[in-house]
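Summary of the model geometry
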Amino acid sequence: MKKLLCAIASAVICCGQAIAADAPAAIEQGTVWLDTDGNPINAHGGGMLYHDGKYYWYGEYKTGETVLPDWATWEAYRTDVTGVSCYSSPDLTTWTFEGIVLPAVKDDPDHDLHPSKVCERPKVVYNAKTGKFVMWFHAESADYSKACAGVAVADSPTGPYTYLGSFRPNEAMSRDQTVFVDDDGKAYQFASSENNQTLYINELTDDYLRPTGRFTRNFIGMSREAPAVFKRDGKYYMLSSGCTAWDPNKAELAVADSVMGPWTTIGEPCTGPEADKTFYGQSTYVLPVQGKDGLYIAMFDRWKKTDLADSRYIWLPIDFSGESITIPWRESWSPSDF
C-alpha cells in the first residue's frame, strides 16, 4: 500500500509539472524578455508579420554603448547601427532568434547601413503578387538631416534581405514610419514628414517598392510620430505619439473611413497608471492576432535613452467592449486569456 501511495503521489506531481510546463507564458510588461536561447530579445521600434502559421517580429538590433554626440542640440542618443533582427514564434510568447536579416555595412562609410548612420522602425510586409517580403525602414544620417525611407526585399521572411536603397517618398521627408497592407492587397507607407510636423500617407506601387505618387498630408502642424495602423469592422485606426524625442508623452488614436483619410482624432486611448505618459512607452505596431477574433495587440517601446540596448517592451490588448476604444494597463496577461 505504501508503494502504491508513493506511486500515486509521484504521478500527481509529474502531472502537475506537465500542466505547469504546458501553461501559456504570460506577457510581463517592461521586463527583460528572453528568446529560446535565453538571450534578451533585441527588436526595438519593431513590426510584426504573420506568414504560414508563424509570427515574425522585426526590429532594431541595438548593441554597444549609447552615446550623445558632441554636436547634439537635442537628446540625439544613439547606438551604432548593427542591423535589423528577426524573431519567429508560433504563439507570441515563445520567440526564436532568426538572426540579423539586414546587417550593417561596415566597410562603406557612405552606405545607409554603415554603423555611423541610423536605421529605425523596420516593418516587413508580404507581397502576394510577387512572392517577395518587403522591408521599409527609416534610413537616416547621424544628425537626422537625411530623413529618407530605405527599402529591402527577400524571398523568405527570415531573409537574407537585399538592400535596394533609400529615397524621400514623393520628395517629402520620411522619418518615423510604418507600412500597412489593406484587404485588397494595396499597400501604404505612413511617415512623419515636414520636420515631423505633418504625417504623410503614401500609396505604394503594386510591388510595394516605391510610392505611386498619390499621397495625402494629415495632422498638419500637429507633430505626430510613431504611427501604428490597423483596420477593424471596415474602419481604419491609427495610434501615434507626440514628438518629445526619447521621452514619453500622451498617445492619441485617430479613425478614418478611407486609408488615405481624412482622419479624425478620437482622443487618448490609454487608461490606468501613467496613462498620460503611455505607460512610459511609445507606439510601434498594432497586431491583429490570428484565430483570436477581436484581439488586437498594441505594441510599445519603453525607451531607455541612455542605454538604448536595454529598452523594454509593452504589449497590451486593445479593449473594444465599451463605447470608446481603450488600451487598459495590464501588468501581466496571456493571449490565451482571449
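What you see is a predicted model; the values in this text were computed from it and never measured.

Time to look at the sheet that holds strand 21 (residues 312–317). Taken in spatial order, the 3 strands make up an open sheet running 19-20-21, and their pairing is antiparallel. The sheet is open, and its two borders are formed by strand 19 (282–288) and strand 21, each paired with just one other strand. Recorded for the sheet is a direction-independent mean angle of 25° between the axes of neighbouring strands. The pairing of strand 19 with strand 20 (residues 296–302) spans 6 bridges and is antiparallel. For S283, the partnering residue across the bridge sits in strand 20 and is F300.

Turning our eyes to something else, we now look at the layout of surface pockets. Computed from the structure, the largest pocket encloses a volume of approximately 710 Å³. In terms of lining residues, the largest pocket is bounded by 31 residues, among which L49, V181, Y285, P288 and Q290 are the most central. Within the residue set of the lining of the largest pocket, elements represented by two or more residues are strand 2 (44–51), strand 6 (118–127), strand 10 (177–181), strand 14 (225–232) and strand 19. Across the lining of the largest pocket, the residue classes tally to 18 nonpolar, 5 polar and 8 charged. Of the volumes computed, that of the second largest pocket is approximately 330 Å³. As for the second largest pocket, its lining consists of 15 residues, of which W74, Y144, D176, E225 and A245 are closest to the centre. A per-class count over the lining of the second largest pocket returns 6 nonpolar, 3 polar and 6 charged.

Our focus in this paragraph is the environment of D80. Inspection of the secondary structure puts D80 in the loop between strand 3 (54–60) and strand 4 (83–89). Relative accessible area serves as the criterion here: at 44%, D80 is assigned to the partly exposed category. For D80 and V118, which are 38 residues apart along the polypeptide, the C-alpha to C-alpha distance reads 7.6 Å.

Here the focus is the sheet that holds strand 4. Ordered by their spatial adjacency, 4 strands build an open sheet running 2-3-4-5, and the pairing between neighbours is antiparallel. At either end of the open sheet lies a strand with only one pairing partner, and these are strand 2 and strand 5 (96–103). Pairwise comparison of adjacent strand axes, ignoring direction, gives a mean angle of 25° for this sheet. As defined by bridge partners, strand 3 adjoins strand 4 across 6 bridges and the pair is classed as antiparallel. In the sheet register, Y55 faces strand 4, and the bridge partner there is S89.

Our next topic: the environment of K305. Within the secondary structure, K305 is located in the loop between strand 20 and strand 21. You can call K305 partly exposed: its relative accessible area is 22%. Those residues within four positions of K305 in sequence are excluded, and the remaining contacts are T66, E75, Y77, W246 and D247. Looking at K305, its side chain comes within polar contact range of the side chain of E75, at 2.8 Å.

The final tally for this structure, using the stated rule, is 26 aromatic pairs. Pairing W33 with W315 gives two aromatic rings, centres 5.1 Å apart and planes at 90°, and the pair type is edge-to-face. A residue pair is termed long-range when its members are at least 10 positions apart, and W33 in the loop between strand 1 (27–28) and strand 2 and W315 in strand 21 qualify at 282 residues. Assigned by exposure class, W33 and W315 land together as buried. Ring geometry for F230 against F320: centres 6.4 Å apart, planes inclined by 70°, an arrangement best described as edge-to-face. Taken as a pair, F230 in strand 14 and F320 in the loop between strand 21 and strand 22 (327–328) lie far apart in primary sequence, 90 residues in all. For F230, a relative accessible area of 2% corresponds to the buried category. Owing to a relative accessible area of 17%, F320 belongs among the buried residues under this scheme. Cluster of aromatic residues (ring-pair linked, three or more members): W33, W57, Y61, Y87, W95, F97, Y313 and W315. In this structure, R210 is placed above the aromatic ring of F167, and the distance from its NZ or CZ to the ring centre is 3.9 Å. Taking the ring centre of F320 as reference, the NZ or CZ of R232 above it sits at 3.8 Å.

Before going further, it helps to examine unusual backbone geometry. With an omega of 5°, the peptide bond running from G159 to P160 counts as cis. Inspection of the secondary structure assignment puts P160 in the loop between strand 8 (148–154) and strand 9 (162–167). Cis geometry is adopted by the peptide bond preceding P262, which originates at G261 and carries an omega value of 10°. With respect to the secondary-structure elements, P262 resides in the loop between strand 16 (252–256) and strand 17 (264–267).

Parameters and conventions
- Each chain carries its own residue numbering, running from 1 in the direction its sequence is written.
- For this predicted model, a pLDDT threshold of at least 70 governs which residues receive local features, and a threshold of 80 or more governs which side-chain atom pairs are given and counted, while totals over whole chains, interfaces and linings are taken from all residues.
- Only hydrogens and water are set aside when side-chain values are computed; all heavy atoms of the structure are taken into account.
- Pairs of strands are assigned from DSSP output, requiring at least two bridges between the strands.
- Only DSSP runs of H or I reaching four residues or more are called helices, and only runs of E reaching two or more are called strands; each is numbered from the N terminus.
- To define axes, lines are fitted to C-alpha atoms, for helices over the stretch in contact only, and angles between the resulting N-to-C directions are given on a 0 to 180 degree scale.
- Here a cavity means grid points, on a 1 Å grid over the protein atoms only, where a 1.4 Å probe fits yet cannot get out; a pocket means an open set of points with protein on both sides within 12 Å along at least five of seven lines; lining residues are those with an atom within 4 Å of a point.
- Grid points are joined across faces, edges and corners, and a volume is the space filled by probe spheres set on the points.
- Throughout, the ten residues Ala, Val, Leu, Ile, Met, Phe, Trp, Tyr, Cys and Pro are labelled nonpolar, Asp, Glu, Lys and Arg are labelled charged, and all others, Gly among them, are labelled polar.
- In this scheme, a residue with accessible area under 20% of its type's maximum is buried, one over 50% is exposed, and one in between is partly exposed, where area comes from a 1.4 Å probe on protein chains only.
- When checking whether two residues touch, look at their non-hydrogen atoms; a contact exists if any pair is within 4.5 Å.
- Within 3.5 Å is the distance limit for a polar contact, defined as a pair of N or O atoms, with the added protein rule that one can donate a hydrogen and the other accept it, and that residues adjacent in sequence qualify only through two side-chain atoms.
- Pairing of aromatic rings covers Phe, Tyr and Trp, the last counted by its six-membered ring, and requires centre-to-centre distances within 6.5 Å; plane angles under 30 degrees mean stacked, over 60 mean edge-to-face, and any other angle means tilted.
- Two thresholds decide whether a charge sits over a ring: the Lys NZ or Arg CZ must be within 6 Å of the ring centre and within 35 degrees of the ring normal.

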